[in-house]
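# Structural characterization, general
These are the residues of each chain, in order.
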Amino acid sequence: MRPTLFLVALLALCAPAAPAAPLSANPRVVIETVEGPIVLRLFPKNAPRTVANFTKLVREGYYDGLTFHRIVPGFVIQGGDPNSRNDNPFDDGQGGPDYTVPAEFGRKHLKGAVAMARLPDAANPTRASNGSQFYIALRDLPQLDGGYTVFGEVVSGWDTIAKLTALASRKDVARQNENVNAGKLALIRKVRIEAAAPR
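Residues numbered from 1 in each chain as written. Predicted model: local features only at pLDDT ≥ 70, side-chain atom pairs only at ≥ 80, totals over all residues. Heavy atoms only, no water.

Moving on to helix α2 (residues 48-60). For α2, with 13 residues, the first-to-last C-alpha span of 18 Å sits near the 18 Å given by 1.5 Å per residue. Residues Thr50, Val51, Asn53, Phe54, Thr55, Leu57 and Val58 constitute the buried set of α2. The positive-phi residue at the C-terminal boundary of α2 is Gly61, with phi of around 80°. (Helix = DSSP H or I, 4+ residues; strand = E, 2+ residues; numbered from the N terminus. Expected span 1.5 Å × (residues − 1). Buried < 20%, exposed > 50% of the residue type's maximum accessible area, 1.4 Å probe, protein only.)

On any regular strand, side chains alternate: one points to one face of the sheet, the next to the other face. Side-chain alternation along strand β4 (residues 76-79) places Val76 and Gln78 on one buried face and Ile77 and Gly79 on a second face that is also buried. Sheet topology note: the strand β3 (residues 70-72)/β4 ladder contains three bridges and is antiparallel. When the bridges of β4 are listed, Ile71 appears paired with Ile77. Bridge analysis of β4 against strand β8 (residues 134-137) gives four bridges, and the strand direction is antiparallel. Opposite Gly79, over in β8, you have Phe134 as the bridge partner. (Pairing = 2+ DSSP bridges.)

A few words now on the environment of Gly112. By the element assignment, Gly112 lies in the loop between β5 (100-101) and β6 (113-116). In sequence terms Gly112 and Ile161 are 49 residues apart; their C-alpha atoms lie 9.9 Å from each other. Apart from residues lying up to four places away in sequence, Gly112 is in contact with Ile136, Ala137, Gly152, Glu153, Val154 and Trp158. (Contact = heavy atoms within 4.5 Å.)

Bringing the nonpolar core into the picture now. Membership of the largest hydrophobic core comes to 33 residues, with the highest contact counts inside it found for Ile38, Phe54, Tyr63, Phe68, Phe134 and Phe151. Contributing elements (two or more residues each) for this core: β1 (28-33), β2 (36-42), α2, β6, β8, β9 (150-156), α3 (158-166) and β12 (188-193). Among the elements that take part in this core, α2 stands out by supplying four residues, more than any other. Leave out the neighbours within four places in its chain, and Tyr63 touches Phe54, Leu57, Val58, Gly80, Ser132, Phe134, Ile188 and Val191. Core analysis: the second largest hydrophobic core is formed by nine residues, Ala115, Ala117, Tyr135 and Leu144 among them. (Core = buried A, V, L, I, M, F, W, Y, C linked by side-chain atoms within 4.5 Å.)

A few words on the packing of aromatic side chains. The tally for this structure, following the rule as stated, stands at seven aromatic pairs. Ring geometry for Phe54 versus Phe134: centroids 5.6 Å apart, planes at 80°, classification edge-to-face. Here Phe54, found in helix α2, pairs with Phe134, found in strand β8; they are 80 residues apart in sequence, far enough to count as distant. Given the relative accessible area of 1%, Phe54 is considered buried. Judged by centre distance (5.6 Å) and plane angle (85°), the ring pair of Tyr63 and Phe134 falls under edge-to-face. Placement of the pair is Tyr63 in the loop between α2 and β3 and Phe134 in strand β8, with a sequence separation of 71 residues. No difference in accessibility class separates Tyr63 from Phe134, as the two residues are buried. One Lys or Arg, Arg107, reaches over the ring of Phe43 and ends 3.6 Å from the middle of that ring. One cation-aromatic arrangement involves Arg118 over Tyr148; the distance from NZ or CZ to the ring centre is 4.3 Å. (Phe/Tyr/Trp six-rings, centres within 6.5 Å; stacked < 30°, edge-to-face > 60°. Lys NZ or Arg CZ within 6 Å of the ring centre and 35° of its normal.)

All we've got here are geometric facts, nothing functional implied.
This is the structure:
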């Protein structure tokens, strides 16, 4: 190989990876489930650390193959726990990356709000968010305002959410009190950041 060509090839190998494309003002994320898509709009101005963490995990494929492991009709559907990849439905809700995200309060829990789950106040007095678990509010939940970080909202996909919520009526799913875990019936196939529309 000629020295010049070798140097060009070496520089190409050593060059840093291209940075991720910057997010739009209110980026959209598509959650592809076995029941159809759910489209979210994120709020980086209100919850910058939470949105940065969530979109980083999306780009890494962290959520692909997980499930909505907690279904509570009239309340929330919750997903994002890596434990939902295994066959034990009773350890779901306990997992996540080995870090938390500082609380970022401000937005309200209106129907369709997307917020981060967290440990209870007794174990988590700062109300820091779990590193990956999130939920979608199925109705207005003002009692959660100021307690959990809202970082997005549902733009479309309520038919999908209705199908996922309906899984709670099945007899062949795991239950813990009012929490239903439908396992792979509520599979998240892939999560992706939607490309910004051209201006």
